Amino acid sequence: MEAVPLLLSFLALSIVSMDLALSIVWTRRAQYKWSWALIAFTASLLGAVVAFALDQSAYLAFTGTARIVLHYVWEGMMVAVSAFILVLLVFAINWMIARPMTTWEKVGAFIAGGLYLGVSIAWFVVKLPIFSLLQYLVWTLTIVYCVFLLLYERKSIKEKSVRTACSTLIIISFALLPVVILAMVFSYFRSFSIPIVCLAYTIAELVFLFTALAHSEKKVKEEHPDFSYEAVNALYHITEREFEVVKLIKKGLTNKEIAAELCISVNTVNNHIANIFSKTDVGSRIDLLNLLQEASW
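Residues numbered from 1 in each chain as written. Predicted model: local features only at pLDDT ≥ 70, side-chain atom pairs only at ≥ 80, totals over all residues. Heavy atoms only, no water.

A. Geometry of helix α6 (residues 160-175). Counted at 1.5 Å a residue, the expected span for α6 with its 16 residues is 22 Å, and the 23 Å between its end C-alpha atoms agrees. Residues of α6 that are buried include every one of Ser 161, Val 162, Ala 165, Cys 166, Thr 168, Leu 169, Ile 170, Ile 172 and Ser 173, and no others. (Helix = DSSP H or I, 4+ residues; strand = E, 2+ residues; numbered from the N terminus. Expected span 1.5 Å × (residues − 1). Buried < 20%, exposed > 50% of the residue type's maximum accessible area, 1.4 Å probe, protein only.)

Next up, the structure:
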């Protein structure tokens with residue numbers, strides 16, 4: 001049973017890593033003003049999960065003084081990152097739903113983060129169960145605040161992917177209530193609850209990112225013309241034969257294979273490709289494929 005939190009943390013680690021990669025891709029496509037907050041939140045969550053995994057690994061691998069020292073190091077790192085995530089979460093939710101925050105709400109977010117940090121330090125020093133309980137209470141109240149905002153503002157959100165993410169977060173938050181209650185009542189269960197909660201919310205973020213990327217891909221296709229001779233000729237003035245070569249290059253065929261496909265010589269293919277490169281102002285097949293991809297053809 002002692003290895004279960006570690007296994008759960010490794011699973012959460014793999015999903016958070018995927019979230020971070022997808023959030024970077026989505027940010028470069030979407031270019032929302034608040035998208036940087038998603039990357040910061042995911043990177044911070046990754047740091048917290050790594051610290052938790054290292055803490056659990058140290059607990060299983062070491063004994064005595066080494067275990068105690070490593071526990072304080074990794075848990076201290078996890079607490080510091082968690083306090084930052086708590087503050088960022090409040091801001092990120094408001095930015096995501098395009099809701100301007102009042103000064104008191106901003107101050108309240110920092111107070112919550114500072115309170116969590118202070119309670120965590122008290123737990124390190126005194127080891128009274130009440131401080132451990134207060135850690136979970138601060139986080140729970142913050143999540144309740146965020147869920148309340150999502151419930152209140154969900155219908156006014158125009159972006160479909162954001163509405164999907166909000167609905168997913170609300171469902172997951174309610175589904176995690178038994179886990180949170182068990183963690184508050186039974187201190188032993190708290191080591192299990194941390195990776196479970198992280199895993200649940202990283203899955204929610206994964207749903208949002210997949211939905212957002214699919215939506216942005218659809219939007220890009222709607223905004224750009226199809227890959228047709230007329231569209232390419234209008235931009236680069238290539239001939240019909242050159243367009244046939246471009247299509248075969250896009251399929252990944254070699255010059256020799258293109259020659260066989262079009263029943264022409266390899267030298268003729270080389271000449272066509274040279275003309276295509278000149279007209280599109282590229283220097284290689286890779287550059288040409290990147291150009292086609294940027295044009296969403």
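Having seen the model, we can carry on.
B. Spotlight on a nonpolar patch on the surface. A grouping of Leu 151, Phe 174, Leu 177, Ile 181, Leu 182, Val 185 and Phe 186 is seen on the molecular surface, where their side chains present a nonpolar patch of about 680 Å² in accessible area. Sorting elements by how many residues they give to the nonpolar patch places helix α7 (residues 177-185) first, with 4 residues. With respect to the helices and strands, the residue Leu 182 is situated in helix α7. (Patch = residues over 30% accessible without salt bridge, like charges linked within 9 Å, V, L, I, M, F, W, Y side chains within 5 Å. Areas by Shrake-Rupley, 256 points an atom, 1.4 Å probe, with all protein chains shown as cover. Salt bridge = Lys/Arg side-chain N within 4 Å of Asp/Glu carboxyl O.)

C. Local environment of the pattern of salt bridges. Summed over all chains, the structure comprises 4 salt bridges. Where Arg 241 meets Glu 244, a salt bridge forms, and the shortest distance between an N and an O atom there is 3.1 Å. Placement of the pair is Arg 241 and Glu 244 together in helix α10 (residues 240-250), with a separation of 3 residues, close to one helical turn. Overall, Arg 241 belongs to the partly exposed group, its relative accessible area being 33%.

D. Molecular detail of the side chain of Thr 142. Relative to the helices and strands, Thr 142 resides in helix α5 (residues 129-153). Relative accessible area serves as the criterion here: at 6%, Thr 142 is assigned to the buried category.

E. Structural context of the nonpolar core. Core analysis: the biggest nonpolar cluster contains 43 residues, and Trp 26, Ile 93, Met 96, Leu 150, Cys 166, Leu 169 and Phe 208 have the highest contact counts within it. Elements supplying a minimum of two residues to this core: α1 (4-30), α2 (35-61), α3 (64-96), α5, α6 and α8 (190-223). Contacts of Leu 169, omitting those with residues within four sequence positions, involve Ile 93, Met 96, Leu 150, Tyr 201 and Ala 204. Core analysis: the second largest hydrophobic core is formed by 20 residues, Tyr 236, Ala 259, Val 282 and Leu 292 among them. (Core = buried A, V, L, I, M, F, W, Y, C linked by side-chain atoms within 4.5 Å. Contact = heavy atoms within 4.5 Å.)

F. Seen up close, helix α12 (residues 266-280). For α12, which comprises 15 residues, the first-to-last C-alpha distance of 21 Å matches the rise-based estimate of 21 Å (1.5 Å per residue) to within 8%. Within the sequence span of α12, burial applies to Val 269, His 272, Ile 273, Ile 276, Phe 277 and Thr 280. One side of α12 holds all its buried residues, which, seen down the axis, span an arc of 135°. Projecting away from the buried face of α12 at angles above 90 degrees are the exposed residues Asn 267 and Ser 278. (Arc of directions from axis to C-beta.)

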